[in-house]
Amino acid sequence: MKIAPPTSKPQQFIGLFPLLVLLAIPLLNMYSGAFYWPDSGDMAAQRSFNSAVSISLFIGYFWFGFRYIHQNVASTLISLLVKKNQLGQFSVHRQKLTKAFHHQIINSLIISAMFMVVLAFVGDVSNESYNIKGISYIASFVTFSLLTSLFLFQVRSNVTYLLRQVLPGTNKSSDYWASFSVITKLSLTNALIALGLLTVLPVFWFNVVVSPLEVIAVVSMSLLIVAYTFTPLFKLKSILKQQKTRTLNQGQSVTNNHNRDDRQPKVVRAPSEVCNSSDKLKTIAAVVLVPVSWGLVSMVETLI
């Protein structure tokens, strides 16, 4: 986990390593024989091909998501510590976040192993021959399930840590709610990154007949991901909205008292808006991309 303060040295492109991973996995699958264009009407081969492509895209997206999330956490952490005049504590919090990340890796490995055991019992893995193609499928699935669990842990855990371990102790009320707004914006960014996962799902069902059970499974999984990632954001925005209303009411009360006794009123600042125009456009774009991705897959199906 690379959470580091900004530096004057030139930074490596955030998507370079994910891009290399995204290119390396398909090459491995091509070498193993997992990547080959299936014959027309061979649904089993088509599903295997779709799984190989989708898992490669997911793994590359996860790596990009991790790097992007960690950079945002670093900048958010610095912003909060500056308001508390505790920038020297950055390394301490970085060590704690890194330790939590390592624990999440262990938990994700356990979850991934449990998935493999379940698949072995139902026969999806045990029937695979022990050749390079079978090993490639298994390795890709293990990596996919591990990164999926780790990604979902990261989407929420960093925001929770900042709220519980860094935000308390902020002296000024204005600084506290400004920091709260920054954390809420981080939660929004994480939720949008998680929402991007849904744009890859259509590749799983490229050029195959989707059964009603699969439709129910896809819709249920999509709703779970949205609920898991956006519920904390809605809670944070609700708290901000309540505080803004409370602050405005206090400001009105101060103004009324000033009109009665002619004393200089004390300025009461309301929390700033979390979502600016750019954030709203990003949110709309992320939501629209989900049905657009399904439309693009359907369009490609008609062209081949």
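Residues numbered from 1 in each chain as written. Predicted model: local features only at pLDDT ≥ 70, side-chain atom pairs only at ≥ 80, totals over all residues. Heavy atoms only, no water.

Caption draft 1: Examining the overall build of the protein more closely. Helix and strand counts for the protein stand at seven helices and zero strands. Overall, the protein shows an N-to-C arrangement of helices and strands of α-α-α-α-α-α-α. Burial status across the protein gives 38% buried among its 304 residues. In the protein, 82% of the contacts between residues at least 6 apart in sequence involve partners at least 24 apart. Carbon and sulfur atoms make up 65% of the accessible area of the protein, which amounts to about 17,700 Å² in all. (Helix = DSSP H or I, 4+ residues; strand = E, 2+ residues; numbered from the N terminus. Buried < 20%, exposed > 50% of the residue type's maximum accessible area, 1.4 Å probe, protein only. Contact = heavy atoms within 4.5 Å. Areas by Shrake-Rupley, 256 points an atom, 1.4 Å probe, with all protein chains shown as cover.)

Caption draft 2: Looking closely at the environment of Ser112. Tracing the sequence through the fold places Ser112 in helix α3 (residues 90–122). Look at Ser112 and you get buried, because its relative accessible area is 2%. As a C-alpha pair, Ser112 and Leu146 span 34 residues in sequence and 5.3 Å in three-dimensional space. If sequence neighbours within four positions are ignored, Ser112 has contacts with Val142, Ser145 and Leu146.

Caption draft 3: Fine view of the packing of helix α2 (residues 43–83) against helix α5 (residues 173–195). Between α2 and α5, the shortest axis-to-axis distance is 10 Å and the interhelical angle comes to 180°. Taken together, the axes of α2 and α5 are roughly antiparallel relative to one another. Seen from α2, the contacting residues are Tyr61, Gly65, Tyr68, Ile69, Asn72, Val73, Thr76, Ser79, Leu80 and Lys83; seen from α5, they are Asp175, Ala178, Ser179, Val182, Ile183, Leu186, Thr189, Asn190, Leu192 and Ile193. Looking at side-chain class alone, the contact of α2 with α5 contains 11 nonpolar, seven polar and two charged residues. (Axes fitted to C-alpha atoms, helices over the stretch in contact; angles between N-to-C directions. Parallel < 35°, antiparallel > 145°, perpendicular 65-115°, else oblique. Nonpolar A, V, L, I, M, F, W, Y, C, P; charged D, E, K, R; others polar.)

Caption draft 4: Structural detail: the confidence of the model for the protein. When the pLDDT values of the protein are averaged, the result is 79; 74% of them are 70 or greater. By mean pLDDT, helix α1 (residues 16–32) is the weakest element of the protein at 65, and α5 is the strongest at 91. Below pLDDT 50 for its whole length, residues 8–12 participates in one contact with residues either more than four positions away or in separate chains. A low-confidence stretch, residues 124–129 stays under pLDDT 50, and its non-local contacts, those more than four residues away or across chains, total nine contacts. (pLDDT = per-residue confidence, 0-100.)

Caption draft 5: Broad picture of helix α7 (residues 277–303). Taking 1.5 Å as the rise per residue, α7 with 27 residues should run 39 Å; its terminal C-alpha atoms sit 37 Å apart, in good agreement. Along α7, the helix axis deviates most sharply at Val290, where the bend reaches about 30°; the proline Pro291 sits within four residues downstream. Those residues of α7 that sit buried are Asp279, Ala286, Val290, Ser293 and Val297. As for α7, its buried residues are in contact with α5. (Expected span 1.5 Å × (residues − 1). Bend = angle between axes of the 7 residues up to and from the residue.)

Caption draft 6: Structural view of the nonpolar core. In this structure, Phe58, Phe62, Leu77, Phe151, Leu162, Val166 and Leu201 are the most contacted members of the largest nonpolar core, which totals 51 residues. At the level of secondary structure, the elements contributing two or more residues to this core comprise α2, α3, α4 (132–166), α5, α6 (212–261) and α7. Ranked by residues supplied to this core, first place goes to α2 with 12 residues. Dropping the residues within four chain positions of it, Leu201 is found in contact with Phe58, Val218, Met221, Ser222 and Trp294. (Core = buried A, V, L, I, M, F, W, Y, C linked by side-chain atoms within 4.5 Å.)

Caption draft 7: Highlighting the pattern of salt bridges. Tallied over the entire structure, the rule returns one salt bridge. Asp279 is the salt-bridge partner of Lys185, the closest N and O atoms lying 3.4 Å from each other. A residue pair is termed long-range when its members are at least 10 positions apart, and Lys185 in helix α5 and Asp279 in helix α7 qualify at 94 residues. Taking the relative accessible area as the measure of exposure, Lys185 reaches 34% and is therefore partly exposed. (Salt bridge = Lys/Arg side-chain N within 4 Å of Asp/Glu carboxyl O.)

Caption draft 8: Here's a closer look at unusual backbone geometry. In this model, Asn85 sits at a positive phi of 55°, which is unusual for a non-glycine residue. Note that Asn85 resides in the loop between α2 and α3. Taking relative accessible area as the criterion, Asn85 reaches 73% and is therefore assigned exposed.

Caption draft 9: View of the packing of aromatic side chains. Summed over all chains, the structure comprises 14 aromatic pairs. Sitting over the face of the ring of Tyr228, Arg156 holds its NZ or CZ atom 4.7 Å from the ring centroid. (Phe/Tyr/Trp six-rings, centres within 6.5 Å; stacked < 30°, edge-to-face > 60°. Lys NZ or Arg CZ within 6 Å of the ring centre and 35° of its normal.)

Caption draft 10: Fine view of a nonpolar patch on the surface. On the surface, Leu281, Ile284, Val288, Leu289, Val292, Leu296, Met299, Val300, Leu303 and Ile304 cluster together to form a nonpolar patch covering roughly 970 Å² of accessible area. Along the chain, Val292 falls in helix α7. (Patch = residues over 30% accessible without salt bridge, like charges linked within 9 Å, V, L, I, M, F, W, Y side chains within 5 Å.)

Caption draft 11: How the structure looks around α2. Its 41 residues place the ends of α2 58 Å apart at the C-alpha level, agreeing with the 60 Å of an ideal helix rising 1.5 Å per residue. Where α2 ends, the next residue or the one after it, Asn85, has phi of about 55°, a positive value.

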